[in-house]
Amino acid sequence: MSSSELLAPLDLAFWHLESAAHPLHLGALVHFGPVPPATGHEPPDVLELLARRAAAVPRLRMRVRDVLLPVGGAAWSADPDFDVSRHVRRIALPGADFPAEAARLAAELMEQPVERGLPPWEMYLLSGAPDGSFAVLVKLHHALADGMRAVAIGAGIFDEIAAGRRPARRPRPVPPRSWLPGPGRLFDLARERLGDLGRAVEVGVSVVGSSVVRAGRLDGRPAAALAADSSGTRRIATVTLPLDRVQRIRRTTGGTANDVLLAVVAGALRRWFDGRGLPLPGADPRALVPVSRRRPGAPPGPGNSLSGYLLDLPVTEPDPAARLAAVRHAMDRNKAAGPFRGAGAVALLADQLPPLAHRFGAPFASGAARLLFDLLVTQVPLPRSALSLGGAPLRALFPMAPLARGQSLAVAMSPYGGQVHIGLVADGAAVPDLDALAAALTAELELLDPVPEPDLDLELVPDLAPVPEPDLDLAPDLDTKPVPEQVPEPVPES
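Quantities reported herein were computed from a predicted structural model and do not represent experimental measurements. (Residues numbered from 1 in each chain as written. Predicted model: local features only at pLDDT ≥ 70, side-chain atom pairs only at ≥ 80, totals over all residues. Heavy atoms only, no water.)

### Focus: the overall build of the chain
What counts is decided by this rule: In this description a helix means any DSSP run of H or I spanning at least four residues, a strand means any run of E spanning at least two, and both kinds are numbered starting from the N terminus. The buried label goes to any residue with under 20% of its type's maximum accessible area, the exposed label to any with over 50%, and the partly exposed label to all in between, with areas taken from a 1.4 Å probe on protein chains only. To be clear on the numbers: accessible area is Shrake-Rupley with a 1.4 Å probe, and residue cover counts the displayed protein chains and nothing else.
Assigned secondary structure in the chain consists of 13 helices and 15 strands. A total of 494 residues make up the chain; the buried ones form 50% of that total. Of the roughly 22800 Å² of accessible surface on the chain, 59% is carried by carbon and sulfur atoms.

### Here's the deal with the packing of aromatic side chains
A ring pair, where both rings are aromatic, is described by two values, the distance of the centres and the angle of the planes. What counts here: Ring geometry is summarised as follows: Phe, Tyr and Trp rings, the Trp one being its six-membered ring, pair when their centres sit within 6.5 Å, and such pairs are stacked at plane angles under 30 degrees, edge-to-face over 60 and tilted between the two.
Evaluated as defined, the whole model comprises three aromatic pairs. Here F32 and F158 contribute two aromatic rings whose centre-to-centre distance is 6.2 Å and whose plane-to-plane angle is 50°, an arrangement assigned as tilted. Here F32 is found in strand 2 (residues 25-32), whereas its partner F158 is found in the loop between helix 4 (147-154) and helix 5 (159-164), with 126 residues between them in sequence. With centroids separated by 5.9 Å and ring planes inclined at 25°, the aromatic side chains of W272 and F273 adopt a geometry described as stacked. With respect to class, W272 is no different from F273; both count as buried.

### Thoughts on the sheet that holds strand 12 (residues 388-389)
Test applied: At least two DSSP bridges between two strands are needed for those strands to be called paired. Note on contacts: a residue pair qualifies if any of its non-hydrogen atoms lie within 4.5 Å across the two residues. Axis definition: a line fitted to C-alpha atoms, limited for helices to the stretch in contact. Angles are taken between N-to-C directions and run from 0 to 180 degrees.
Spatially, six strands are ordered 5-6-7-2-13-12 in an open sheet, and the strand pairing comes out mixed. Two strands in the sheet have a free side with no partner beyond their single neighbour: strand 5 (88-92) and strand 12. Sheet strands touched by helix 3 (residues 98-110): strand 2, strand 5, strand 6 (121-127), strand 7 (134-141) and strand 13 (392-400). Its angle to strand 2, the strand with the most contacts, is close to 160°.

### Concerning unusual backbone geometry
If a residue is not glycine, its phi is most likely negative; likewise, a peptide bond is most likely trans. Each neighbour pair has its own omega, and for L69 with P70 the value is -5°, a cis peptide bond. Of note, P70 is situated in the loop between strand 3 (62-66) and strand 4 (74-78).

### What about the environment of L311?
Following the sequence through the fold, L311 ends up in strand 10 (residues 306-312). Between the C-alpha atoms of L311 and V377, which are 66 residues apart in sequence, the distance is 9.6 Å. Not counting chain neighbours up to four residues away, the residues in contact with L311 comprise L262, P285, R286, A287, V289, V327, A330 and M331.

### Here we look at the packing of helix 8 (residues 243-253) against helix 13 (residues 434-448)
Rule in force here: For classification purposes, angles smaller than 35 degrees are called roughly parallel, those larger than 145 roughly antiparallel, those between 65 and 115 roughly perpendicular, and all remaining angles oblique. Handedness of a crossing follows from how the near helix is turned relative to the far one, being left-handed for an anticlockwise turn of less than a right angle and right-handed for a clockwise one.
Orientation of helix 8 relative to helix 13, taken along the N-to-C sense of each, is 40°, at an axis distance of 10 Å. Judged on the interaxial angle alone, helix 13 and helix 8 are oblique. When the axes of helix 8 and helix 13 are compared, the crossing they make is left-handed. Where helix 8 abuts helix 13, its residues R245, V246 and I249 lie against L445, E446 and L448.

### Points about the pairing of strand 15 (residues 419-427)
Along strand 15, eight of the nine residues are buried, which leaves the element largely enclosed by surrounding structure. Strand direction decides the pairing type here: strand 8 (residues 234-242) and strand 15, joined by nine bridges, are antiparallel. Note on strand 15: the bridge partner recorded for R234 is D427. As consecutive antiparallel partners, strand 14 (residues 409-416) and strand 15 are separated by two residues, and within that stretch G417 has a phi angle of approximately 60°, a positive value.

### Comments concerning the pattern of salt bridges
We apply this condition: Any carboxyl oxygen of Asp or Glu that lies within 4 Å of a side-chain nitrogen of Lys or Arg is treated as forming a salt bridge with it.
In total, this model carries 16 salt bridges according to the counting rule given. Between D45 and R90 there is a salt bridge, with the nearest N and O atoms lying 3.6 Å from each other. Separated by 45 residues along the polypeptide, D45 in the loop between strand 2 and helix 2 (46-55) and R90 in strand 5 bring together distant segments of the chain. Classification of D45 as partly exposed rests on a relative accessible area of 42%. Across the pair D159 and R53 runs a salt bridge, and its minimum N-O distance is 2.5 Å. A residue pair is termed long-range when its members are at least 10 positions apart, and D159 in helix 5 and R53 in helix 2 qualify at 106 residues. Residue D159 shares its accessibility class with R53, and that shared class is buried. Where salt bridges share partners, they join R245, R248, E446 and D449 into one cluster.

### Digging into helix 8
Buried within helix 8 are the following residues: L243, R245, V246, Q247, I249 and R250. Those residues of helix 8 that are buried lie in contact with strand 8, helix 9 (257-275), helix 10 (320-337), strand 15 and helix 13. Looking one or two residues beyond helix 8, the residue adopting positive phi is G254, at roughly 90°.

### A closer look at helix 13
The periodicity of an α-helix, 3.6 residues per turn, causes residues three or four places apart in sequence to face the same way. To keep things clear, this is the line we draw: Multiplying 1.5 Å by the helix residue count minus one yields the expected span of that helix. Arc definition: it is the arc formed by the directions from the helix axis to the C-beta atoms.
A rise of 1.5 Å per residue sets the reference length of helix 13, with its 15 residues, at 21 Å; its end C-alpha atoms lie 22 Å apart and thus fit the reference within 8%. L434, L437, A438, A440, L441, E444, L445 and L448 are the residues of helix 13 that are buried. An end-on view of helix 13 places all buried positions within 155° of arc, on one side of the element. In this structure, the buried side of helix 13 is in contact with strand 8, helix 8, helix 9, helix 10, strand 14 and strand 15.

### With respect to the nonpolar core
We apply this condition: Grouping buried Ala, Val, Leu, Ile, Met, Phe, Trp, Tyr and Cys residues that are joined through side-chain atoms within 4.5 Å yields what is termed a nonpolar core.
Judged by nonpolar contacts, the single largest core of 50 residues is most densely connected at F32, L60, W121 and M123. Each residue touching M123, except ones within four places of it in the same chain, is listed here: L50, A54, L60, H87, V88, R89, L137, V138 and I157. Listed in part, the 49 residues of the second largest apolar core include V246, L324, M331 and L424.

### Things to note about the sheet that holds strand 4
The strand order across the open sheet formed by three strands is 1-4-3, and the pairing between neighbours is antiparallel. Unpaired on one side and paired on the other, strand 1 (4-6) and strand 3 mark the two borders of the sheet. Adjacent strand axes in the sheet meet at a mean angle of 30° when their direction is disregarded. The sheet contact formed by strand 3 and strand 4 spans five bridges and is antiparallel. From the neighbouring strand, R65 faces strand 4, where its bridge partner is A75.

### Let's talk about the confidence of the model for the chain
The predicted structure's coordinates, where accompanied by low pLDDT, should not be read in detail. Selection criterion: Every residue gets a pLDDT, meaning the predictor's confidence in that residue, from 0 to 100.
This prediction gives the chain a mean pLDDT of 78; 70% of its residues lie at or above 70. Long-range and interchain partners of residues 167-181, a stretch whose pLDDT sits below 50, account for two contacts in this model, where long-range means more than four residues apart. This model gives residues 215-223 a pLDDT under 50, and the stretch forms 15 contacts once residues within four places in sequence are excluded.

### Section: the environment of P94
Position of P94 among the secondary structure elements: in the loop between strand 5 and helix 3. Look at P94 and you get partly exposed, because its relative accessible area is 49%. Residues P94 and G128, spaced 34 residues apart in sequence, show a C-alpha to C-alpha distance of 6.0 Å. The residues touching P94, leaving out its near neighbours within four places in the chain, are E101 and G128.

Here it is as structure tokens:
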């Protein structure tokens, strides 16, 4: 990439929306198995390997600096004093309950914003498990990447991706041309601009209308569970669900695997409200489901390319099957309208605002999230092929989304290795019982897909030939190549 590159409008918005109490970085807690025994050579130093591979990713050597023009703008530029040791560190943990200790420490580290004068990312190697397994915590500022782009950047640490990385090619010289576009191009630019403005006005009207409707029906009851002033603390919980059971529900009921997971979240929230002794909210809590705007087959691009769907999670519906049907129908309506319409496409407005508006309007915009939605529910696709670091197999990757101002819960999901790994991020003071919500997710899947008790009096019948299961609708096949910016259908994401 060039030595200097202006931040795109949405990237600039995320950069200015951050505050000390509301850090805006994406995260992932990645668990690896032990490094296999060395055969004729020394086992790799995982910390050194992690640092070397991270330093080889060009985007991770860039920092944000202010520019004179455009007024209020900022640009990515190469850090002349880049030192990877400032970004990659090792922390030894007590090994008694390594996964719990890793989640506890990850919560503490996620509380802290990344240093803004440096390239905005951090990685922590967490060691100390008795069996030699370890974890890596990754933090990337949201201005650096959305969820899919974060996967493309972070994938460079894996053995399979690093081995296939090619040296950067020198860009071909571009013949000089006039800075003044021809009449035809001017007409096309004007038409595109008018189309963008028209969509922005339509989205703006939807945002205002949705906010007014929600303000009129908010009764305060969801606030105790899903909304709170920031305490500056974070709590993290992780959940693993079997993907084959999610797919079995999908085959039975129709829709997509993502519909099933959203219904599981809705049922878990209902179960969690009940366990807290809270009355059900008068209006179903609304989730923002981020959607990638990247076109299938398009070359990887920097920064964020996001829109979103708004979905009322049917927690007031007592029947699990009816909850799933409601989610499926609502998501079908969202997809029919497309990711460029409705209040959920509020991110599109960022493209129409000048940099100065992002700089000075951020304090007002950051407090408006609750007028549109109550929590973020996102899904980040991963490669389907097996991945490793220094020969240590990847066991699980739990994505973590940032909390919007005034909100206390975010849910992020990633399928990998036949499992769906869910990362829950919550305000530590507002949600001290996050583990109860994690348990509710598992219980809700059991409710949608009960496992029948075997009848010991009957002769067991051999299984039929397994039916090939379609892939989770949000996980492209990436083999061992760098993660492409390719989405089979709009993807919920960071």
